[in-house]
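A structural walkthrough
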Number of protein chains: 2
Amino acid sequence: MLDERSIKVLWAVINSYINNPDPVGSRYVTRKYSLEFSPATIRNIMADLEELGFLSQPHTSAGRVPTDKGYRFYVENLMDENVCCHKGLIDSLTRRLEDLREDIYTLLDETTRTLSSHSHYLGIAVSPGPDGSTLRCIELIPYSDDRIAVILFTNEGIIKHKILKNNFSFSRNDLNRIARYLNKEFSGYTIREIRQRLLEEMARDKELCDTLISQALSLCGDVMSCYGANVFISGLTEILELPEFSDIEKIKEISRTIEDKHAVIKLIDSLANAEGVQVVIGAENTVEEMKALSIITSTYKEGDKPAGIVGIIGPTRMDYSSAISLVDVTARFLTEILDEGGQEWRRER
Amino acid sequence: MLDERSIKVLWAVINSYINNPDPVGSRYVTRKYSLEFSPATIRNIMADLEELGFLSQPHTSAGRVPTDKGYRFYVENLMDENVCCHKGLIDSLTRRLEDLREDIYTLLDETTRTLSSHSHYLGIAVSPGPDGSTLRCIELIPYSDDRIAVILFTNEGIIKHKILKNNFSFSRNDLNRIARYLNKEFSGYTIREIRQRLLEEMARDKELCDTLISQALSLCGDVMSCYGANVFISGLTEILELPEFSDIEKIKEISRTIEDKHAVIKLIDSLANAEGVQVVIGAENTVEEMKALSIITSTYKEGDKPAGIVGIIGPTRMDYSSAISLVDVTARFLTEILDEGGQEWRRER
DNA sequence: ATTAGCACTCTAAGGTAGGGAGTGCTAAAT
DNA sequence: ATTTAGCACTCCCTACCTTAGAGTGCTAAT
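Right, let's walk through the structure included here. (Residues numbered from 1 in each chain as written. Chains lettered and ligands numbered in written order. Predicted model: local features only at pLDDT ≥ 70, side-chain atom pairs only at ≥ 80, totals over all residues. Heavy atoms only, no water.)

Quick word on the packing of aromatic side chains
Evaluated as defined, the whole model comprises ten aromatic pairs over all chains. Ring geometry for Tyr 71 of chain B and Tyr 320 of chain B: centres 5.7 Å apart, planes at 50 degrees, overall tilted. Note that Tyr 71 of chain B is positioned in helix α4 (residues 68–78) and Tyr 320 of chain B in helix α13 (residues 320–348), a separation of 249 residues in sequence. Here Tyr 71 of chain B falls in the buried class, since its relative accessible area comes to 1%. Sitting over the ring of Tyr 143 of chain B, Arg 136 of chain A keeps its end group 3.9 Å from the ring centre. One Lys or Arg, Lys 69 of chain B, reaches over the ring of Phe 54 of chain B and ends 4.9 Å from the middle of that ring. (Phe/Tyr/Trp six-rings, centres within 6.5 Å; stacked < 30°, edge-to-face > 60°. Helix = DSSP H or I, 4+ residues; strand = E, 2+ residues; numbered from the N terminus. Buried < 20%, exposed > 50% of the residue type's maximum accessible area, 1.4 Å probe, protein only. Lys NZ or Arg CZ within 6 Å of the ring centre and 35° of its normal.)

Quick look at the structure:
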C-alpha cells in the first residue's frame, strides 16, 4: 500500500510529533532523521501522504500533522513493539499494591495513580461489575436493634457492605442461619446470576412463607442492588502539563467528562469483552467529548473471566508504544494479584 | 474605627467585587449603590480605605479591589447574616444522603459534591480520624485457609475492613471467641485509646502467653494501623468556570494542591478543634499554595465530640455569607445524621 | 526521478496608537 | 469645612500593522 519511502517519512513525522506537538516540516525531517532525500522530495511524499489521509496541514504553509488514520497506521504497522521492560512500573506497582491485595477498590485507585504517573496521561480503572464477580460468601452481622450489616465477599476481592434497616429484630443465631442458607445457595455464582435467581426464588417463596428465608433473600437483594462497577480516574495534574491542554476550554471539557462516571462506564463498557490491549484513536471514539483523545485499555481477569478494565486516556498525540505496553503490563499484573488471592479459595472447593 | 460612610463604601466595593471580579470605580459605586455622595467624595473615602489597608489598587488609575483585611472586616462586621434558609441544599442533602446514613465515606463524598454544586466552589470533607472515632464492634470472619477478614464498625458509621494473612489457622469458633474478647475489651473506646491500650496489653500478654488473645490483639493492631482520616474534595469543574482561574498556572497549582491529600489534612487539622464555622481568608492561610484562596470549615460531631470537618474552598473573592451558612447547615445536617445512627446504640448501653 | 530555486502563504511576535475607565488634585460651591 | 465639578494625567486593553520566519508548491534544471 505504501512504499518504503513513504513509510519512513510517515514514521518520522509521527515520531517527531509525538515528542513535540509542532507541525513537522520537510526540512526538519531530512535533518533530524537523516533521510537520503532532499526536502523537496520529502515534500512530494508528504503531499501524497496527505492525499491518502495520513497527514494533514493545520494551514497552508505549515508543516504536517498526523491524522487519526495516520496514528492508526502507525499503531498497527510502524510502532516500536519491543519497548523495554517496565522495571520501574513493576516496582512501583508491587511496592504500592503490596498491602492492598484484598481491597480491590483501593488497589485500583492506586493503580490509576501509578499508571498516570508513569505515562503522564490519565490513568483509568474500572472495577469488576456485577456480571463478572463471583460471590464468595455473605456475612450478616447485627448492627443495632433494627439494623443489620450485610457484608459481601467476592473472589475479585471486592468487599461490599451495606447497613440495612429492618422491621424484624433478628437474633445473632437467626442471622447465622440465614447467612448459612444464603452461602449454601449462592456462593460460587456471579452477582448477575444471583440477582436472576433471587427474583425466581422470591416469587416461589412467597408461597412457602418461610419468613426467615424470604427475609434473607430480600436482604441479599438489597445489597446486590447497590452493586455496580466503580470507575477510578486520576492524573489530571499530569495532563495539565501537556501543551495541547493549555487551553482552558479543553480542560473544562475533560474535567467534565471524567467527573461524569456514568459516561465513562458507557464508553469503556464497549471494550470490556475484547481480548488483549485495545486502542481507540481520536474520532474513532463514539463519545463526542473524547474525539480529541485516545484510549488504551486492557482487561484484567479473575480466573479466566474478564473482570474489569485498566487503561490510559491521553491526547491522540500519545506515546502509543510505551502506553500500550504500560497498560498491558499493568493488566497482567492485576490478573496475577487477583489470582493469588483466589487460588486457595478455588483449591478449597 | 470606621465611620458609617466608609463602611457603606467598603461594603459596596466588596459586594460588587464578589459579584464580578473587576476593580470597582468611584462612579460605579455611586450609581449602583445610589449613595448620596458624588464620585469625588467616594474617591476620597476610597483613598482613606486604601491607606487603612482595606482596599488596594491593581495599578494607578484602576478601581479598588478588597484586600484580605477588607474581607476579614466584611466577614466580621458587614456580612449579611440572615441568609435565607437553604431549602434547596437541605433537600438535595436529604435526597442524596438518604441511603448512605451508615456508610460515612460515600456519605462524605456525596456531601462534597452537594457542597460544590451549591456553592460553585470546591467542596471538602474530612472523615473522622482515629482520635475521635469510637469503636462499636469488631467482627472476624474466616476468609480463606490462612486469611481472616477483620471488620471494624465505629459509631460514626465508618466500616473499615482488612484482610489479614495469618500464620495460624483459626476455626470459626476461635474467631468468635476472639471477637467476643475484643468487643468486651475495646468497644466504646476511641481508636486512639485502643491503640494505646493495645501496646500496653501486648506487652503484658507476652508473659501470659495466651496465644489466642495475643493473636487477637495483634490482628486488631494491624487493622488499626491502616485507620486514618480520609479527605474528599470535589468541584474542580465548578471553579474552572470562575474568571480568576482562567489562568492555566493557577489551575495547575490548585490541582496539585488538592491531589496531595496529606497537605490538605495538615491544612485542615489546625481547624479541627475550633467550635462553629471557621473562616480563613487568603494569606491568613499558612500553606503557600492556598494564599490566594479562602477556606470555610465547620466540624460535624458524633455525640458531643467533634468527628470530622466539612467545608468549602474558593477564591478570596467568595460569597462569604452564603458559603458560611452553607457550611454551617451542612455540618449540622451531618451531625444530625450521625446522631440518628448512633442513638439506638447509645440507648442500648 | 530528483533537486535547487523562488515566489507565495500563513503565523507568531513585537510595536504602536487610540479609546476608555479611573484616579488625584485643585478650585469653586455649598 | 465639607462636598463637588472640572481637568489633566496615568495606565490598561484592544486593534491594527509590520516584520521575521518557517514551510509550502511549483517550475525548471540536473
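What about the sheet that holds strand β4 (residues 135–144) of chain A?
Residue and element names in this part refer to chain A. As summarised here, the arrangement of the three strands in space is β4-β5-β6, forming an open sheet in which the pairing is antiparallel. Each having just a single partner strand, β4 and β6 (159–165) make up the two edges of the open sheet. Neighbouring strand axes in the sheet, compared pairwise and without regard to direction, differ in orientation by 20 degrees on average. Looking at chain direction, β4 and strand β5 (residues 147–154) are connected through eight bridges and run antiparallel. Bridged to Ile 141 within β5 is Ala 149. With respect to the sheet, helix α7 (residues 172–186) is in contact with β4 and β5, its orientation differing from that of β4 by roughly 165 degrees. (Pairing = 2+ DSSP bridges. Axes fitted to C-alpha atoms, helices over the stretch in contact; angles between N-to-C directions. Contact = heavy atoms within 4.5 Å.)

Some words on the pattern of salt bridges
Residues and elements named next belong to chain A. Scanning the model with the defined rule gives 28 salt bridges over all chains in all. With its nearest N and O atoms 3.2 Å apart, the salt bridge here joins Arg 72 to Glu 76. You can see Arg 72 and its partner Glu 76 sitting in helix α4 (residues 68–78), four residues apart, about one turn around the helix. (Salt bridge = Lys/Arg side-chain N within 4 Å of Asp/Glu carboxyl O.)

Observations concerning the interface of chain A and chain B
With 35 residues of chain A in contact, the opposing surface of chain B contributes 36 residues. Across the interface of chain A and chain B, roughly 3,600 Å² is buried in total on both sides, 54% from carbon and sulfur atoms. Run the count over chain A and chain B and you get six salt bridges. We note a salt bridge from Arg 256 of chain B to Glu 241 of chain A, for which the minimum N-O separation is 3.5 Å. Scanning the region where chain A abuts chain B turns up eleven residue pairs in polar contact (both at pLDDT 80 or more). No other element matches helix α11 (residues 248–259) of chain A, which puts six residues into the side of chain A that touches chain B. Looking at side-chain class alone, the side of chain A that touches chain B contains twelve nonpolar, eight polar and 15 charged residues. (Buried area = accessible area lost by both parts, 1.4 Å probe. Polar contact = N/O pair within 3.5 Å; in protein donor to acceptor, adjacent residues only side chain to side chain. Nonpolar A, V, L, I, M, F, W, Y, C, P; charged D, E, K, R; others polar.)

Quick look at the protein's contact with DNA strand C
Taken together, 19 residues form the shell around DNA strand C, and within it Arg 5, Thr 41 and Ser 61 of chain A together with Ser 26 and Arg 43 of chain B come nearest. Each atom of DNA strand C within 4 Å of the protein was assigned to sugar, phosphate or base; sugar and phosphate come to 74%. In the environment of DNA strand C, a phosphate oxygen lies 3.4 Å from a nitrogen or oxygen atom belonging to the side chain of Thr 60 of chain A. The separation between a base nitrogen of DNA strand C and a polar side-chain atom of Arg 43 of chain B is 3.1 Å. For the surface near DNA strand C, the elements supplying multiple residues, two or more each, are α3 (39–52) of chain A together with α3 (39–52) of chain B. Per-element accounting of the surface near DNA strand C gives the leading share, four residues, to α3 of chain A. Residues that form the surface near DNA strand C fall into these classes: four nonpolar, eleven polar and four charged. (Near = heavy atom within 4 Å.)

Describing the protein's contact with DNA strand D
Taken together, the neighbourhood of DNA strand D is formed by 20 residues, with Ser 26 and Arg 64 of chain A together with Arg 5, Thr 41 and Ser 61 of chain B sitting nearest. Sugar plus phosphate, as a fraction of atoms of DNA strand D within 4 Å of the protein: 76%. Interatomic distance of 3.0 Å between a side-chain N/O atom of Arg 64 of chain A and a phosphate oxygen of DNA strand D. Of all the elements in the fold, those that place two or more residues in the surface near DNA strand D are α3 of chain A together with α3 of chain B.

Quick word on the relation of the copies chain A and chain B
Screw-axis analysis of chain A against chain B gives a translation of 0.0 Å along the axis, an RMSD of 0.1 Å, and a rotation angle of 180 degrees. Between the two chains, the operation in question is that of a two-fold axis. Taking the C-alpha atom as reference, chain A places Ile 248 of chain A closest to the rotation axis, 3.4 Å from it. Mapped onto chain B, 100% of the interface residues of chain A again fall at the interface, so both copies present the same surface. (Least-squares fit on C-alpha atoms with pLDDT ≥ 70 in both.)

Regarding the sheet that holds strand β8 (residues 278–280) of chain B
Residue and element names in this part refer to chain B. Pairing is antiparallel across the open sheet formed by five strands, whose spatial order is β7-β3-β10-β9-β8. Two strands lie at the open edges of the sheet, namely β7 (231–234) and β8, each paired on one side alone. For this sheet, the mean angle separating the axes of adjacent strands, direction not counted, is 15 degrees. When β8 meets strand β9 (residues 293–302), the two strands line up antiparallel, connected through three bridges. Across the sheet, Val 279 pairs through a bridge with Ile 296, a residue of β9. The sheet strands contacting helix α12 (residues 261–269) are β3 (122–126), β7, β9 and β10 (305–315), and the helix crosses β7 at an angle near 105 degrees.

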